[in-house]
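# Survey of secondary and tertiary structure
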Amino acid sequence: MITAFVLIKTDASRIPEAAQEISELEGISEVYSVTGEWDLIAIARVQKHEDLADVIADKLSKVSSVMSTTTQISFRAYSQHDLDAAFSLGFDH
C-alpha cells in the first residue's frame, strides 16, 4: 500500500464542498481541513505508484475549486497505536 499526503489550496469560500467532493474520490481515504498555508490535506492510499496519477492528477486536481496541490509520498509509517497493538498480549489492565 502506498500512502501519499496531498496538501491542497482551494477557493476559500468552497472549502467544505471541496473536502466533500475530494473525500468521495476512489483512492482518497481521508480529508482534513487545516490551518496555515494549506486549506485541506487529503490522504491517498493506492496499490501502486501509477495509481497516484489517476487519483491526484486525473481526479483530485480537477475538482473545480482546487487551485493547487503538493504531494508528499510516505516511505514508512510510525504509529504508537500500531506498536501498542503489535506488542499487546490482549490482557485488560
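Each remark here, short or long, concerns the structure printed above.
The notes below deal with the structure included here. Sequence order as written defines residue numbering, which begins from 1 separately in each chain. Only residues with pLDDT of at least 70 get local features here, since the model is predicted, and only at 80 or more are side-chain atom pairs given and counted; chain-wide, interface and lining totals rely on the full set of residues. Working from all heavy atoms in the structure, the side-chain values ignore hydrogens and water.

## Some words on the nonpolar core
Counting residues in hydrophobic clusters, the biggest one holds 20 residues, and the most contacted among them are Ile8, Ile22, Ile28, Ala42 and Leu60. At the level of elements, strand S1 (2-10), helix H1 (15-23), strand S2 (28-33), strand S3 (40-46) and helix H2 (49-57) are the ones that each hand at least two residues to this core. The contact criterion used is simple: two residues touch if any of their non-hydrogen atoms lie within 4.5 Å. Discounting chain neighbours no more than four positions away, the residues touching Ala42 are Ala4, Phe5, Val6, Ile8, Ile22, Ile28, Glu30, Val31 and Leu60. The set of buried Ala, Val, Leu, Ile, Met, Phe, Trp, Tyr and Cys residues whose side-chain atoms join them within 4.5 Å is what this entry labels a nonpolar core. Each residue gets one of three labels from its accessible area relative to the maximum for its type: buried under 20%, exposed over 50%, partly exposed in between, using a 1.4 Å probe on protein chains only. The helix count covers DSSP runs of H or I at least four residues long, the strand count covers runs of E at least two residues long, and both are numbered beginning at the N terminus.

## A look at the sheet that holds S2
Strand order across the open sheet formed by 4 strands is S2-S3-S1-S4, with antiparallel pairing between neighbours. Bordering the open sheet on either side are S2 and strand S4 (66-73), each of which pairs with just one other strand. Going across the sheet, the axis of each strand differs from the next one's by a mean of 20 degrees, ignoring polarity. Pairing between two strands requires that DSSP report at least two bridges joining them. With 5 bridges connecting them, S2 and S3 associate as antiparallel partners. From the neighbouring strand, Ile28 faces S3, where its bridge partner is Ala44. For every element, the axis is a line fit to its C-alpha atoms; helices are fit only across the contacting stretch, and the angle between N-to-C directions ranges from 0 to 180 degrees. Each of S1, S2, S3 and S4 touches H2; the most contacted strand, S3, lies at about 140 degrees to it.

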